[in-house]
Amino acid sequence: MRIHIIGTGLLGASLGLALRGRGYSVTLEDTSPTAQQLASDLGAGEPVAPGTAPDPDIVVVATPPDVAAGVIAGALTAYPSATVTDVASIKTRLLETVRELVTGDALDRYIGCHPMAGREKSGAIAARPDLFIARPWVICSDEDTPESRLTAVEEMAEATGASVTHLDPRIHDAAVAKVSHVPQVVSSLVASQLRHAPLDEVALAGQGLRDVTRIAASDPGLWTQILSGNAEEVRAVLVALRGELDAVIDALALGPGSTGVIARTIAFGNEGHDRIPGKHGQAPTAYAVVTVLIPDTPGTLASLFKDIGDLGINVEDFRMDHAPGRRLGIVDVSVMPANANELEHGLQSLGWRIPESAIEKEGTT
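In this text the structure is predicted, and so the values were computed from the model without any measurement.

In this model, the chain carries an average pLDDT of 93, and 96% of its residues clear a pLDDT of 70 or more. Considering only residues more than four positions removed or in separate chains, one finds that residues 357-365, a stretch of pLDDT under 50, has 32 contacts.

A few words now on the side chain of serine 258. Residue position: serine 258 is located in helix H11 (residues 258-273). By relative accessible area, serine 258 is classed as buried at 7%. Side-chain polar atoms of serine 258 contact the backbone oxygen of glycine 255, separated by 2.9 Å.

Its identity is not glycine, yet alanine 134 carries a phi of approximately 65°, on the positive side. Tracing the chain through its elements places alanine 134 in the loop between strand E6 (110-115) and strand E7 (136-140). Its relative accessible area of 61% is what places alanine 134 among the exposed residues. Look at leucine 254: it is not a glycine, yet its phi comes out positive at around 60°. Tracing the chain through its elements places leucine 254 in the loop between helix H10 (231-251) and H11.

Looking now at the packing of helix H6 (residues 169-192) against helix H9 (residues 220-229). Axis separation between H6 and H9 bottoms out at 11 Å; the angle between their running directions is 125°. What the angle tells us is that H6 and H9 run oblique. Helix-helix and strand crossings are classified by hand; for H6 and H9 the assignment is left-handed. Touching Ser180, His181, Gln184 and Val185 of H6 are Trp223, Ile226 and Leu227, all from H9.

Under the definition given, this model contains nine salt bridges. Salt-bridge contacts for lysine 91 lead to aspartate 86; the nearest nitrogen and oxygen are separated by 2.8 Å. On the basis of relative accessible area, aspartate 86 is assigned to the buried category, the value being 0%. Between aspartate 310 and lysine 306 there is a salt bridge, with its nearest N and O atoms 2.8 Å apart. Of the two residues, aspartate 310 and lysine 306 both sit in helix H12 (residues 300-310), four residues apart, roughly one turn of that helix. Beyond isolated ion pairs, a larger network of salt bridges with shared partners links Arg2, Asp55 and Asp57.

Adjacent strands of a sheet form backbone hydrogen bonds with each other and so pair up, either parallel or antiparallel. Taken together, the eight strands give an open sheet; going across it, the order is E3-E2-E1-E4-E5-E6-E7-E8, and neighbouring strands pair in mixed fashion. At either margin of the open sheet sits one strand with a lone partner, and together these are strand E3 (46-47) and strand E8 (163-166). Two elements, strand E5 (residues 83-86) and E6, share two bridges in a ladder whose sense is parallel. Bridged to threonine 85 within E6 is isoleucine 111.

Two aromatic rings, taken as a pair, are described by how far apart their centres are and by the angle between their planes. Throughout the structure, instances matching the rule amount to two aromatic pairs. The interplanar angle of 55° and the centroid separation of 5.5 Å between the aromatic rings of phenylalanine 132 and tryptophan 137 together place this pair among those described as tilted. Relative to phenylalanine 318, the ring of phenylalanine 305 has its centre 5.1 Å away and its plane inclined at 75°; by these criteria the two rings are edge-to-face. Placement of the pair is phenylalanine 305 in helix H12 and phenylalanine 318 in strand E10 (residues 317-322), with a sequence separation of 13 residues. Taking the relative accessible area as the measure of exposure, phenylalanine 318 reaches 39% and is therefore partly exposed.

Turning to the side chain of serine 89, a few remarks are in order. Locating serine 89 in the fold gives a position in the loop between E5 and helix H4 (92-101). Look at serine 89 and you get buried, because its relative accessible area is 11%. Ignoring sequence-local partners within four residues, the contact set of serine 89 consists of His114, His172, Asp173, Val176, His181 and Ile226.

By the criterion of burial, strand E2 (residues 25-29) is predominantly enclosed, with four of the five residues buried. Sheet topology note: the strand E1 (residues 2-6)/E2 ladder contains five bridges and is parallel. Looking at E2, one finds that isoleucine 6 is bridged to glutamate 29. With helix H1 (residues 10-21) bridging E1 and its parallel neighbour E2, the resulting β-α-β unit is right-handed. Of the strand pairs in this sheet, E2 and E3 are connected by two bridges, and their pairing is parallel. Note that in E3 the partner of threonine 27 across the bridge is glutamate 46. Once you follow E2 into helix H2 (residues 33-41) and on to E3, the crossover reads as right-handed.

Each value, and the rule that gives it
Residues numbered from 1 in each chain as written. Predicted model: local features only at pLDDT ≥ 70, side-chain atom pairs only at ≥ 80, totals over all residues. Heavy atoms only, no water. pLDDT = per-residue confidence, 0-100. Contact = heavy atoms within 4.5 Å. Helix = DSSP H or I, 4+ residues; strand = E, 2+ residues; numbered from the N terminus. Buried < 20%, exposed > 50% of the residue type's maximum accessible area, 1.4 Å probe, protein only. Polar contact = N/O pair within 3.5 Å; in protein donor to acceptor, adjacent residues only side chain to side chain. Axes fitted to C-alpha atoms, helices over the stretch in contact; angles between N-to-C directions. Parallel < 35°, antiparallel > 145°, perpendicular 65-115°, else oblique. Left-handed = near helix turned anticlockwise from the far one by under 90°. Salt bridge = Lys/Arg side-chain N within 4 Å of Asp/Glu carboxyl O. Pairing = 2+ DSSP bridges. Phe/Tyr/Trp six-rings, centres within 6.5 Å; stacked < 30°, edge-to-face > 60°. Right-handed = clockwise from strand over helix to strand, strands pointing away.

As structure tokens, then:
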């Protein structure tokens, strides 16, 4: 298939890289000549002037969400035989606006999509050909969508390594409000509390803070558009969150019943955490954790994983923290519970430092 991508930021350029790696013919268009040329120089596709792509089978609109509807309508007009899709993270309002701009059979050529992939960095320079691998790629079609066009979009998405799923636009928007948009707001709010904190306090930060605030480095302009575009759904989740937050704030006055509120809040968080899919989208699995202390020197982490492999044990997950003020790494290796003792004793016999009581059950991951 011939793919034409309009918008050469992170998603557009990453899509071009992924598809060209699979042998697709890809052309690029962007209102910024510099951004367009950069994406092309990085290998994402061939640059063309607006509206001049040679008979594309699919046009992918990868522009910012606040202008996507107009670009989609323009693409449907400029390329009357092409299927037009997009990668915006909001679907309901976008579809409603496209319907206002486009009439007749042209609307049947539009299929809304949202690959659930991204990075904290933006622009073509941050693009990666593996960005979509094993990530959900949501397609929002309806009964009027021609089967051949839907199949073509599915094939394109699968060619990037993504896992295709089909959702109604409103269900999609409600879902991403919970699993993507509100987490961004919460991460940003937590990080915001550090703006004026004394540096000696921030220096105490551990992996927990880093986990919570990782996505706080995201692009403010882009996220303003995303949150505005899905405002109703995001607001509903935040209102519910505010109610629970207010309950915790009141409980911290330590009046009667306060410890029950605090305990229930943490317990309810456990329940929600346990519903997050595990590896490869499978049901959550309880892993055992073996903690290993390693020197912060080149090649040490590679040596650790080689030794684990030589022991014949699969690493299900891992995380690493750094000891404050010391060149020491703290690596938590998650394995199946049946392999935990074997891994601990095997690594000890190979000279690795393992703290006492390093093996513990961890919540579902």
